[in-house]
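# Structural overview
Listed here are the chains, written in short residue letters.
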Amino acid sequence: MRAILCGYYGKGNGGDEALLASLLQMLPDGVTPIVLSGNPVETNQRYGVAARDRMNAFQVLDTLRSADALIWGGGSLIQDATSMISPFYYGGLMGLAQQMGLKTVAWAQGIGPLNREITRKLSQRCFAGCTAVSVRDKGSATLLADWQIPFTLAPDPVWALENSPVSGLWNLPAPRVAVCLRSHPTLTPARLSILTQALVDFQKATRTLILLLPFQASRDLEIAKNLHEALPKRSQILSLDDPRKLKGVFRGVEMAIGMRYHSLIMAASEECRCFGLSYDPKVSQLMEELEMPGYLLSQLPEDPYSISKTWIEHYANGYALSPERIKFIVGRSLFHKEILQTALQQSQ
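A brief structural summary.

About the thresholds
Residues numbered from 1 in each chain as written. Predicted model: local features only at pLDDT ≥ 70, side-chain atom pairs only at ≥ 80, totals over all residues. Heavy atoms only, no water. Helix = DSSP H or I, 4+ residues; strand = E, 2+ residues; numbered from the N terminus. Rg over C-alpha atoms; globule rule 2.2 N^0.38 Å. Buried < 20%, exposed > 50% of the residue type's maximum accessible area, 1.4 Å probe, protein only. Phe/Tyr/Trp six-rings, centres within 6.5 Å; stacked < 30°, edge-to-face > 60°. Lys NZ or Arg CZ within 6 Å of the ring centre and 35° of its normal. Salt bridge = Lys/Arg side-chain N within 4 Å of Asp/Glu carboxyl O. Pairing = 2+ DSSP bridges. Axes fitted to C-alpha atoms, helices over the stretch in contact; angles between N-to-C directions. Parallel < 35°, antiparallel > 145°, perpendicular 65-115°, else oblique. Contact = heavy atoms within 4.5 Å. Nonpolar A, V, L, I, M, F, W, Y, C, P; charged D, E, K, R; others polar. Right-handed = clockwise from strand over helix to strand, strands pointing away.

### Here's the deal with the overall build of the protein
- Helix and strand content of the protein: 14 helices and 13 strands.
- Since a compact globule built from 348 residues should have a radius of gyration of about 20 Å, the 20 Å found for the protein is in line with a globular shape.
- In terms of overall dimensions, the protein has C-alpha extents of about 60 × 40 × 40 Å along its principal axes.
- A burial count over the protein gives 53% of its 348 residues as buried.

### Examining the packing of aromatic side chains
- One pass over the structure, following the stated rule, counts seven aromatic pairs.
- Note on Tyr89 and Tyr90: the rings are 5.0 Å apart at their centroids and 85° apart in plane angle, and the pair reads as edge-to-face. Judged on exposure class, the residue Tyr89 and its partner Tyr90 are both buried.
- Plain terms: the ring middles of Phe275 and Trp311 are 6.2 Å apart, the flat faces sit at 85° to each other, and that makes the pair edge-to-face. One end of the pair, Phe275, is in strand S12 (residues 273-278); the other, Trp311, is in helix H12 (residues 304-317), with 36 residues separating them in the sequence. Like Trp311, Phe275 is buried.
- Three or more aromatic residues link up through ring pairs in this structure, and these residues are Phe202, Phe275, Tyr295, Trp311 and Tyr315.
- When the ring centre of Tyr315 is taken as origin, the NZ or CZ atom of Arg273, which lies over that ring, is 5.4 Å away.

### Quick word on the pattern of salt bridges
- Applying the stated criterion across every chain yields a total of 11 salt bridges.
- A salt bridge links Arg46 to Glu42; its shortest N-O distance comes to 3.5 Å. Here Arg46 pairs with Glu42, and both are found in helix H2 (residues 40-47), just four residues apart, close to one helical turn.
- Across the pair Asp80 and Arg116 runs a salt bridge, and its minimum N-O distance is 3.8 Å. In this pair, Asp80 is assigned in the loop between strand S4 (69-75) and helix H4 (85-99) and Arg116 in the loop between strand S5 (103-109) and helix H5 (117-128), connecting sequence segments 36 residues apart.
- Judged by relative accessible area, which is 36%, Arg116 ranks as partly exposed.
- Residues participating in the shared-partner salt-bridge network are Glu17, Glu42 and Arg46.

### Some thoughts on the sheet that holds strand S11 (residues 255-258)
- Taken together, the six strands give an open sheet; going across it, the order is S10-S9-S8-S11-S12-S13, and neighbouring strands pair in parallel fashion. Each of the sheet's edge strands pairs with one partner strand only, and the pair in question is strand S10 (235-237) and strand S13 (294-296). Here the strands of the sheet are splayed against their neighbours by 15° on average, with no regard to which way each runs.
- Pairing of strand S8 (residues 176-180) with strand S9 (residues 209-212), which is carried by four bridges, proceeds in the parallel orientation.

### As for the packing of helix H10 (residues 261-269) against helix H11 (residues 281-290)
- Where H10 meets H11, the closest approach of the two axes is 9 Å, and the angle between their N-to-C directions is 20°. The angle between H10 and H11 places the two elements in the roughly parallel class. Contacts between H10 and H11 involve Tyr261, Leu264, Ile265 and Ala268 from the first element and Lys282, Val283, Leu286 and Leu290 from the second.
- Class assignment for the residues of the contact of H10 with H11 results in seven nonpolar, no polar and one charged.

### Points about the environment of Ile257
- Along the chain, the position of Ile257 falls in strand S11.
- The class of Ile257 is buried, set by a relative accessible area of 2%.
- When the C-alpha atoms of Ile257 and Ala178 are compared, they prove to be 6.3 Å apart, with 79 residues separating the residues in sequence.
- With residues near it in sequence (within four places) discarded, Ile257 still touches Val177, Ala178, Val179, Cys180, Leu199, Phe275, Leu277 and Trp311.

### Notes on the pairing of S4
- S4 sits mainly inside the fold: seven of its seven residues count as buried.
- In this structure, strand S1 (residues 2-6) lies alongside S4, joined through four bridges in parallel fashion. Considered in S4, the bridge of Cys6 is made with Trp72.
- Here six bridges tie S4 to S5, and the two strands are oriented parallel to one another. The residue bridging Gly75 from the neighbouring strand is Gln109, located in S5.
- As for the winding sense of the linkage, the β-α-β connection from S4 through H4 to S5 is right-handed.

Listed below in structure tokens is the structure:
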């Protein structure tokens, strides 16, 4: 059986690559994946799977003709907050696959925000035509319930992603704290300056090595370099392309300070103390569900000292998730695997 995997893959985003790695890990035996990727050569080399150019219409159409199913996910693919392109690309592809008779699975979706009537209607139609739907957050579940579309709600599949050891990590000075910031309108130059000063103060007090983790080089690397300049001998930039190694980093750190949704999931799943900096409702919701301390970036304190003091307190006295709770969350995230098995067995 041939299944097309369609998401924001091959675009250099660690979170989306982690979703792809999780999806490949959860695919039932006997299913041959073909990944639509922004970098097919890299995807093929990293995961050992067939890959096609996601923007080459002829390749995509040819792949659809030879496939039995299309798996659409995961993550925030259907939203119109950043652009109108995303819902039309994925919605159009899903509609075409459904017209061609393929089984379609909307997998581990984070739906919204959908601010326009046209994108809401397109999304509703696509989800209604799916063989099976799984979502990762309550907001998406509420939307599908309003649309009267059956779904399964489960934690993000990256909770269950297998990690890989990172060469040389344990040779770095300890203790280590991971920091993952990304460019975003809410992270203004003024707020970045405040966070940088807070990080300098935090490092001075704790004597930790600050590991700077750019999850997406195009959005994160410049910020990581700026932070490294402020902490030239007390920080290190770790650029890792393999999402399993990105997750493996958190096995060797005491605490994580993260903006990125999947940085916090990876850290929490590896028994790491976490502090969230929310720029998006999905991050705020994750923080709320896990009772994770943090700030809304839009309400970041203007005093670096108060931030560093809060970080020091969490570093010294904060708690990671218990192994029992992690095991429970990982077990529930495997509902996404069950959805695949049920839906793809139906199409055999």
